[in-house]
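Residue strings, one per chain:
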Amino acid sequence: MSAIVSIIMGSRSDWPTMSEAVQVMDQLGVAYETHVVSAHRTPERLLEFAQGADKRGIKVIIAGAGGSAHLPGMVAALTHLPVVAVPVSSKHLKGMDSLMSIVQMPRGVAVATQAIGEAGAYNAGLMASQMLAIADDKLEKRIQQWRQAQTDSVPWSVTDDSE
Ligand code: RP5
């Protein structure tokens, strides 16, 4: 299966967070690729990646970055493909810097920003899958089944697992 979602991150150090995105896509059978693309350290790679993604068959981009976190917004500026963004937690400001930077996009360039950290990365994988399901009936069915399984897994009782 060739990749239809591209997961990019500003640094290899973002991978423990961004690896959460692949978990849900593995469960839902969505093909993805993963790359390190830094807006600041590899700006030419960023340009090449963003301008070539559509031609390579990528439909949705998930971009995670921490700190000044310019990657998601710059990718969105360079391609019409939807960009789902993950603010990665940072050492000094715990990802508040990443969130504030990523979420404050100027009018006319959209980024779908998720929560800070692992839950945000996981939901980015889910959101990308839901976007793709708009034009994929089989994937839509798998997502419905996945959601039902999640609902069924929530226990009624806090004291007895068997209930
Ligand atoms: C950002 O700076 C990256 O996305 C990462 O979250 C952060 C720190 O990067 P490293 O110094 O660990 O490579 O660009």
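Positions within a chain are numbered from 1, following the residues in the order the chain's sequence is written. Predicted model: local features are reported for residues with pLDDT of at least 70 only, side-chain atom pairs are reported and counted for 80 or more only, and whole-chain, interface and lining totals are derived from all residues. To get the side-chain values, take all heavy atoms of the structure and skip hydrogens and water.

### Describing the layout of surface pockets
- If you add up the space inside the largest pocket, you get close to 260 Å³.
- If you go around the largest pocket, you meet 16 residues; those closest to its centre are Gly10, Ser11, Asp14, Arg41 and Gly66.
- Classifying every residue of the lining of the largest pocket by side-chain character gives five nonpolar, nine polar and two charged. Within this scheme a cavity is a closed region of a 1 Å grid, computed over the protein atoms alone, that accommodates a 1.4 Å probe without allowing it to escape, whereas a pocket is open but has protein on both sides within 12 Å along at least five of seven lines; lining residues each have an atom within 4 Å of a point. Grid points are joined across faces, edges and corners, and a volume is the space filled by probe spheres set on the points. Classification used: nonpolar for Ala, Val, Leu, Ile, Met, Phe, Trp, Tyr, Cys and Pro, charged for Asp, Glu, Lys and Arg, polar for all others including Gly.

### Details of the site of the ligand
- For this description, a residue counts as near a given molecule or strand if any of its non-hydrogen atoms is within 4 Å of it. For the ligand, the full set of nearby residues is Gly10, Ser11, Ser13, Asp14, Arg41, Ala65 and Gly66.
- We call two N or O atoms a polar contact when they sit within 3.5 Å, provided that within protein one can donate a hydrogen and the other can accept it, with sequence-adjacent residues counted only if both atoms are side-chain atoms. At 2.7 Å, a side-chain N or O of Ser13 approaches an oxygen atom of the ligand.
- Backbone polar atom of Gly66 to an oxygen atom of the ligand: 3.1 Å apart, as the coordinates give it.
- Alone, the ligand offers 360 Å² of accessible surface; in the complex the protein occludes 64% of this.
- Put simply, the ligand lies in the largest pocket.
- For the shell around the ligand, the per-class residue count stands at one nonpolar, four polar and two charged. Here the accessible surface of atoms and residues is derived via Shrake-Rupley with a 1.4 Å probe, and residues count as covered only by protein chains that are part of the display. By definition, a pocket or cavity contains a molecule when more than half of the molecule's atoms lie within 2 Å of the pocket's grid points.

### Some points on unusual backbone geometry
- Within the chain, Ala69 stands out as a residue other than glycine whose phi angle is a positive 50 degrees.
- Residue placement: Ala69 occurs in the loop between strand 3 (60–66) and helix 3 (71–78).
- Type-normalised accessible area, obtained with a 1.4 Å probe on protein chains alone, sets the label of each residue: buried when under 20%, exposed when over 50%, and partly exposed for intermediate values. Overall, the relative accessible area of 5% leaves Ala69 in the buried class.
- Here Lys94, not a glycine, exhibits a phi torsion of approximately 60 degrees, which is positive. Strands here are runs of E lasting at least two residues and helices are runs of H or I lasting at least four, both read from the DSSP assignment and numbered beginning at the N terminus.

### Here's the deal with the UniProt feature "binding site: substrate" (unreviewed entry) in the protein chain
- UniProt positions are given in the numbering used here, feature names are shortened, and annotations may be inferred rather than shown by experiment. Those residues carrying the UniProt feature "binding site: substrate" (unreviewed entry) are Ser11, Asp14 and Arg41 in this numbering. The greatest C-alpha distance among the residues just named is 14.4 Å, despite their covering 31 residues of sequence, which places them together in space. Those annotated residues from the list above that line the largest pocket are Ser11, Asp14 and Arg41.
- Residue position: Ser11 is located in the loop between strand 1 (5–9) and helix 1 (15–28).
- With relative accessibility at 18%, the residue Ser11 sits in the buried group.
- Side chain to side chain, Ser11 and Ser13 meet in a polar contact 3.0 Å long.
- On the accessibility criterion, Asp14 (7% relative accessible area) is buried.
- The contact definition used throughout considers only heavy atoms, calling two residues in contact when any of these lie within 4.5 Å. Leaving out residues up to four positions away in the same chain, Asp14 has contacts with Met9, Gly64, Ala65, Gly66 and Val88.

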